Amino acid sequence: MRKTIVLLGAAVVLSGCGMLPGGQPQTAAKEATTTAPAPPRTAPAQTAPPQADVVIATREAKVGSGGQYGKARVEITALMRQGRTVTLNWTITAVEGKVNVHNGLGGGALDYTVSNVSLIDPVNAKRYRVARNGTAADATCVCSGTQGQFLEAGESSTLYAVFAAPPPEVTKVNVEMPMLGVLTDVPLS
């Protein structure tokens, strides 16, 4: 707070003396803005092409509980940085039997989301949990809801989750999914 007040005070003092914070006289700055408009801003170039329907990692697992088991296949189609976040997109397909996506990927029996999916950075030994919004009491995950999703053989569900981004030097992570296991060395673009 003090630095802000001092800087604002310095700007007022400098502008009162006929100088702007950049060291230019006020008249020169006014002329510069009227004669040379600022160049238009462009969006930064994307460093990697977006991953769409290309499967970058896959795993099959026997899933179920209470004596009813099925087989599911998970296919990760995107793990992409966007600023300080990473978005994970994947599809779960029931290969055999019935697959409970309803509450199989959440943090508890009444969590109908994919909030318990996490990214593991093996280089820095760090786990990244799904991002949450709101205050601690009512924070919800920034991820897919799964309520009512009981997949029969051949049915699929496409899901997503957002995480804080690992450091830029991390190019691969492990993706941990409850009931489905761990997909290792998933490329991060």
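Definitions and limits used
Residues numbered from 1 in each chain as written. Predicted model: local features only at pLDDT ≥ 70, side-chain atom pairs only at ≥ 80, totals over all residues. Heavy atoms only, no water. Helix = DSSP H or I, 4+ residues; strand = E, 2+ residues; numbered from the N terminus. Buried < 20%, exposed > 50% of the residue type's maximum accessible area, 1.4 Å probe, protein only. Contact = heavy atoms within 4.5 Å. Areas by Shrake-Rupley, 256 points an atom, 1.4 Å probe, with all protein chains shown as cover. Disulfide = S-S within 2.5 Å. Polar contact = N/O pair within 3.5 Å; in protein donor to acceptor, adjacent residues only side chain to side chain. Salt bridge = Lys/Arg side-chain N within 4 Å of Asp/Glu carboxyl O. Phe/Tyr/Trp six-rings, centres within 6.5 Å; stacked < 30°, edge-to-face > 60°. Lys NZ or Arg CZ within 6 Å of the ring centre and 35° of its normal.

Student: Before we go on, may I ask you to explain the overall build of the protein chain in this structure?
Tutor: Within the protein chain, the regular secondary structure consists of two helices and twelve strands. For the protein chain, the succession of helices and strands along the chain, N to C, is α-α-β-β-β-β-β-β-β-β-β-β-β-β. Within the protein chain, buried positions represent 31% of all 189 residues. At a minimum sequence separation of 6, the contacts of the protein chain that also span at least 24 residues come to 57%. Within the structure as shown, the protein chain displays about 11,700 Å² of accessible surface, and the carbon and sulfur contribution to it stands at 57%.

Student: So what exactly am I meant to see when it comes to the state of the cysteines here?
Tutor: Covalently bonding the sulfur atom of one cysteine to the sulfur atom of another cysteine gives a disulfide. Counted according to the given criterion, the structure contains one disulfide. Paired by a disulfide, Cys141 and Cys143 hold their sulfur atoms 1.7 Å apart. Between Cys141 and Cys143, the S-S torsion sits near -50°, and that sign places the bridge as left-handed. Side by side, Cys141 and Cys143 carry an identical accessibility label, which is buried.

Student: Help me out: how do you make sense of the environment of Thr87 in this one?
Tutor: Looking at where Thr87 falls in the secondary structure, it is placed in strand β3 (residues 85-96). Overall, Thr87 belongs to the buried group, its relative accessible area being 15%. A sequence separation of 78 residues divides Thr87 from Ala165, and the C-alpha atoms of the two residues are 8.8 Å apart. In this structure, Thr87 is in contact with Ala78, Leu79, Met80, Gln82, Ala161 and Val162, ignoring residues within four places of it in sequence. A polar contact is formed between the side chain of Thr87 and the side chain of Gln82, at a distance of 2.9 Å.

Student: Whenever I open this one, the pattern of salt bridges confuses me. Can you help?
Tutor: Side chains bearing opposite charge may pair, as long as their charged atoms lie close to each other. Enumeration over the complete set of coordinates arrives at five salt bridges. Here Glu60 makes a salt bridge to Lys71, at a shortest N to O gap of 3.3 Å. Of this pair, Glu60 sits in strand β1 (residues 57-65) while Lys71 sits in strand β2 (residues 68-82), and the two are eleven residues apart along the sequence. Judged by its relative accessible area of 37%, Glu60 falls in the partly exposed class. For Lys71, a relative accessible area of 30% translates into the label partly exposed. One salt bridge in this structure joins Lys98 and Glu152, with 3.8 Å as the shortest N-O distance. In this pair, Lys98 sits in the loop between β3 and β4 (99-100) while Glu152 sits in the loop between β9 (150-151) and β10 (156-164), placing the two residues 54 residues apart along the sequence. A single salt-bridge network, built from bridges that share partners, covers Glu60, Lys71, Arg73 and Glu75.

Student: What should I look at first to understand the packing of aromatic side chains in this one?
Tutor: The description of two aromatic rings rests on the distance between their centres and on the angle between their planes. This structure, assessed with the given rule, holds zero aromatic pairs. It is Lys62 that lies over the ring of Tyr69; its NZ or CZ is 5.2 Å from the centre.

Student: Looking at this structure, I do not really get the environment of Leu188. What am I missing?
Tutor: The topology assignment puts Leu188 in the segment after β12 (181-187). For Leu188, a relative accessible area of 10% translates into the label buried. Taking the C-alpha atoms as reference points, Leu188 and Met80, separated by 108 residues in sequence, lie 5.8 Å from one another.

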